[in-house]
Amino acid sequence: QVQFVESGGGLVQPGGSLRLSCAASGSIYDMGWYRQAPGKQRELVASITRGGSTNYADSVKGRFIISRDNDKNTVYLQMNSLKPEDTAVYYCNTEIQRILSYWGQGTQVTVSS
């Protein structure tokens with residue numbers, strides 16, 4: 001089991017940017033960033049394979065960039081042009097641990113003026 005620690009969240013104004021980090025306790029492979037807003041289901045925001053192939057939800061495409069540093073066992077999510085609807089707790093996870101409902105603490109992102 002790999003443990004993840006998310007960081008980098010905070011309060012920003014609409015149009016601002018944040019860079020989230022996901023530090024893993026061991027080697028990582030395919031990874032995803034998820035988010036859950038109050039009263040909403042958790043949704044997949046972006047994913048990245050170990051080789052660097054990426055996919056994005058339509059709602060964030062063109063604004064968010066997922067990347068990774070395999071040597072540091074870390075995954076990043078650069079969030080630009082933030083909107084109030086991006087407000088949520090953001091989590092990183094593997095598909096297997098998502099299925100098993102193994103989640104870290106997440107990091108809160110609040111976009112508000």
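Residues numbered from 1 in each chain as written. Predicted model: local features only at pLDDT ≥ 70, side-chain atom pairs only at ≥ 80, totals over all residues. Heavy atoms only, no water.

Participant: I'd love a proper account of the pairing of strand β4 (residues 31-36), names of residues and values included.
Facilitator: Where burial is concerned, most of β4 is hidden: 5 out of the 6 residues are buried. Relative to strand β5 (residues 43-48), β4 runs antiparallel, the two sharing 5 bridges. Bridge assignment links Arg 35 to a residue of β5, and that residue is Glu 43. Between β4 and β5, which pair antiparallel one after the other, the connecting turn spans 6 residues, and Gly 39 there sits at a positive phi close to 75°. Alignment of β4 against strand β9 (residues 88-93), held across 5 bridges, turns out to be antiparallel. (Buried < 20%, exposed > 50% of the residue type's maximum accessible area, 1.4 Å probe, protein only. Helix = DSSP H or I, 4+ residues; strand = E, 2+ residues; numbered from the N terminus. Pairing = 2+ DSSP bridges.)

Participant: Account for the pattern of salt bridges, with residues named and values stated.
Facilitator: A full pass over the atoms with the stated rule returns 5 salt bridges. Notably, a salt bridge pairs Lys 61 with Asp 58, separated by 3.4 Å at the nearest N-O pair. Taking the relative accessible area as the measure of exposure, Asp 58 reaches 67% and is therefore exposed. Overlapping salt bridges, with partners in common, bring together Arg 35, Glu 43, Arg 63 and Asp 86 in one network. (Salt bridge = Lys/Arg side-chain N within 4 Å of Asp/Glu carboxyl O.)

Participant: Describe the state of the cysteines, and please don't skip the residues or the numbers.
Facilitator: The full count for this structure, using the stated rule, is 1 disulfide. Covalently, Cys 22 is tied to Cys 92 through a disulfide, its sulfur atoms 1.8 Å apart. Taking the sign of the S-S torsion, 70° for the link of Cys 22 and Cys 92, the bridge is right-handed. Highlighted residues: Cys 22 in strand β3 (residues 18-24) and Cys 92 in strand β9, separated in sequence by 70 residues. (Disulfide = S-S within 2.5 Å.)

Participant: Which residues make up the sheet that holds β3, and what are the values?
Facilitator: Taken in spatial order, the 4 strands make up an open sheet running β1-β3-β8-β7, and their pairing is antiparallel. At either end of the open sheet lies a strand with only one pairing partner, and these are β1 (4-7) and β7 (64-69). Mean inter-strand twist for the sheet, computed between neighbouring axes without regard to direction, equals 15°. (Axes fitted to C-alpha atoms, helices over the stretch in contact; angles between N-to-C directions.)

Participant: How would you sum up the environment of Asp 30? Please name residues and give values.
Facilitator: Tracing the chain through its elements places Asp 30 in the loop between β3 and β4. Residues Asp 30 and Gln 78, 48 residues apart in the sequence, show an inter-C-alpha distance of 18 Å. Setting aside residues no more than four positions away along its own chain, Asp 30 makes contact with Ile 48, Thr 49, Arg 50, Arg 68 and Thr 94. Within the structure, Asp 30 has its side chain in polar contact with the backbone nitrogen of Arg 50 (distance 3.4 Å). (Contact = heavy atoms within 4.5 Å. Polar contact = N/O pair within 3.5 Å; in protein donor to acceptor, adjacent residues only side chain to side chain.)

Participant: Explain a nonpolar patch on the surface residue by residue, including any values.
Facilitator: On the surface, Ile 96, Leu 100 and Tyr 102 cluster together to form a nonpolar patch covering roughly 310 Å² of accessible area. Mapping Ile 96 onto the fold places it in helix α1 (residues 95-99). (Patch = residues over 30% accessible without salt bridge, like charges linked within 9 Å, V, L, I, M, F, W, Y side chains within 5 Å. Areas by Shrake-Rupley, 256 points an atom, 1.4 Å probe, with all protein chains shown as cover.)

Participant: So what about the sheet that holds β9? Which residues, and what values?
Facilitator: Here we have 6 strands laid out as an open sheet, ordered β2-β10-β9-β4-β5-β6, and mixed in their pairing. Strand pairing shows two members of the sheet lacking a second neighbour, β2 (10-12) and β6 (54-56), which therefore form its edges. Taking the axes of each pair of neighbouring strands and ignoring which way they run, one obtains an average angle of 25° across the sheet. Where β5 lies against β6, 3 bridges are found, and the strand directions are antiparallel. Paired with Ser 47 across the bridge in β6 is Asn 55.

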